[in-house]
Amino acid sequence: MQAVEGRPTADLMAELEWRGMVHQVTDPELGGKLAAERFVGYAGFDATADSLHVGHLVGLVGLQRLQRAGHRPLALVGGGTTLVGDPSGKEAERPLLSVEEIDANVAGIRGHIERFVELGEGAGGGAVVDNAAWLRRVGLTDFLRDVGKHFTVNAMLAKESVRARLTEREQGISYTEFSYMLLQAYDFLHLYDTFGCRLQLGGSDQWGNITTGIELVRRVRGVAVYGITWPLVTKADGTKFGKTEAGAVWLDPRRTSPYHFFQFWLRTDDRDVIRYLKLLSSLDWDAIATLEVEVAERPAQRRAQQALADDLTTAVHGRPAAEAARRAAQALFGGELADLDEATLLDVFAEAPSITLSRSELSDGGVPFVELLARTGAVPSRSAARAAVEAGGAYVNNRRETDVDRRIGEEDLVAGAYVVLRRGRRSYHLVRFG
């Protein structure tokens, strides 16, 4: 059964289209040009936080695919434009950050980019560039003469990012944010002059900014440059992609642990998973076609979600972190706990009831298992605990325990300080011995 149609060729545009990464193209002949010529292309990333989040993965993967097709990728970090703020898709003006905050954010973002773009000086080597290097130096009157004179206010008002704020929002738009599209246009001109950049990639909400840059390069340099946008990523249930009850899903492990990052993808809706595999993963046509059959015929096994979680966690955090996250995920289904470190263990059982007991209770033969079950609240009484153990429904560190005289000692500790008790299939309780 062949479930995925439209096998891509070696042509970059054909692959991007198959993967659902093409929403708008400024020139219908661009695919042929990409197949015949070497391009330098860029995508931009705001420096509004010290980490990128999963919503930025499309841009990172887009640059990666550009590079693998033989072109040179530039990742533009907005150390300059973030001082102004992009109004695209925003209902209100963003709070302005200080120069120091933005510089710290730029430094944090660079590490995420380097996991997807291979940096180098050669024809295909990628680069990370910060537009603070030129935007913070440009003079206002020079900018107005060299850039502003090429655009009418009428044309700028017609751009969706501006029009929506003027006609559909109460907040309006400040002159600061109104000027953002001209700054981004100037970025394209600078990258063309410096690197020979002829292609900009971005989300569909960036279409107006991209076409403004194309127009500026045409007017000032008399050459054709191009743009591709990808569709904004959505979820089938209508909720915003990349958002959870806890907030955004970040690429920095200090903000979102590899385990929770893995879990985010593991929970992907069946209606979304093949689309996300095409859009974001490194899996090829054959692998995704096989997984689409799995989703249709054996959805309960969730193999497509597992493949998605493994691929993206590996890409963002590395293979060892992905394997640790997979083992941690299995722990909730009776997997081995002994290899989990403290941070991962606490991530896995963050929602489980917990108590802290003195380490001294483990001396003199340890704590009776039935007593510990009752003290955690896993069962209402010691007699209920004995009945659960005798019935085979009680577990120590995911291992069934049927000995009612069992005692918990130092040898049972996981990550040096914890014991995980389980009653039945999913009732976990965490005990910390401090």
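Calculation notes
- Here, residues in each chain are numbered from 1, in the same order as that chain's written sequence.
- pLDDT decides what is reported in this predicted model: residues at 70 or higher carry local features, side-chain atom pairs at 80 or more are listed and counted, and totals for whole chains, interfaces and linings draw on all residues regardless.
- The side-chain quantities take in all heavy atoms of the structure and omit both hydrogens and water.
- What makes a nonpolar core is a set of buried Ala, Val, Leu, Ile, Met, Phe, Trp, Tyr and Cys residues whose side-chain atoms join them at distances within 4.5 Å.
- Three exposure classes are used, based on accessible area relative to the maximum for each residue type with a 1.4 Å probe and protein chains only: buried under 20%, partly exposed in between, and exposed over 50%.
- A contact between two residues is defined here by any heavy atoms of the two lying within 4.5 Å.
- Think of pLDDT as the predictor's per-residue confidence, scored from 0 to 100.
- Here an angle of 0 to 180 degrees is reported between the N-to-C directions of two axes, which are lines fitted to C-alpha atoms, with helices fitted over the stretch in contact.
- Each helix is a run of DSSP H or I of at least 4 residues and each strand a run of E of at least 2, with the numbering of both proceeding from the N terminus.
- Each helix crossing is assigned a hand: it is left-handed if the near helix lies turned anticlockwise from the far helix by less than a right angle, otherwise right-handed if that turn is clockwise.
- When residues are grouped by polarity, Ala, Val, Leu, Ile, Met, Phe, Trp, Tyr, Cys and Pro land in nonpolar, Asp, Glu, Lys and Arg in charged, and all others, Gly among them, in polar.
- Any two strands with at least two DSSP bridges between them are considered paired.
- Viewed with both strands pointing away, a crossover whose connecting path from the first strand over the helix to the second turns clockwise is right-handed.

### So, the nonpolar core
Considering soluble globular proteins, one finds that nonpolar side chains tend to be buried as a cluster.
And step 1. The biggest cluster of nonpolar side chains holds 77 residues, and the ones touching the most others in it are Val54, Leu57, Ile113, Leu199, Trp265, Leu277 and Phe349.
And step 2. Among residues more than four places away in sequence, those in contact with Leu57 are Phe116, Leu251, Trp265, Leu280 and Val316.
And step 3. Formed by 30 residues, the second largest nonpolar core is a distinct cluster that contains Leu74, Phe143, Val162 and Met181.

### Focus: the confidence of the model for the chain
And step 1. Across the chain, the average pLDDT comes to 89, with 94% of residues at or above 70.
And step 2. Taken as a whole, residues 1-9 scores under 50 in pLDDT and shows 23 contacts with residues more than four places along the chain or in a different chain.

### Brief notes about the packing of helix H12 (residues 258-266) against helix H15 (residues 303-317)
And step 1. Put simply, H12 and H15 touch, their axes get as near as 8 Å, and they point 145 degrees apart. Seen along the crossing, H12 lies across H15 with a hand that is right-handed. When H12 is examined against H15, the residues Pro258, Phe261, Phe262, Trp265 and Leu266 are found in contact with a partner set consisting of Gln305, Gln306, Leu308, Ala309, Asp310, Leu312, Thr313, Val316 and His317.
And step 2. A class-by-class count of the residues in the contact of H12 with H15 yields 9 nonpolar, 4 polar and 1 charged.

### Observations concerning the pairing of strand S2 (residues 40-46)
And step 1. The buried count for S2 comes to 6 of 7 residues, which makes it a mostly enclosed element.
And step 2. Bridge count between S2 and strand S3 (residues 72-78): 7 bridges; the pairing is parallel. Bridge pairing links Gly41 to Pro73 in S3.
And step 3. Remark: the S2/helix H3 (residues 57-68)/S3 crossover connection has right-handed handedness.
And step 4. The pairing of S2 with strand S5 (residues 199-203) spans 3 bridges and is parallel. Looking across to S5, one finds that Tyr42 is bridged to Gln200.

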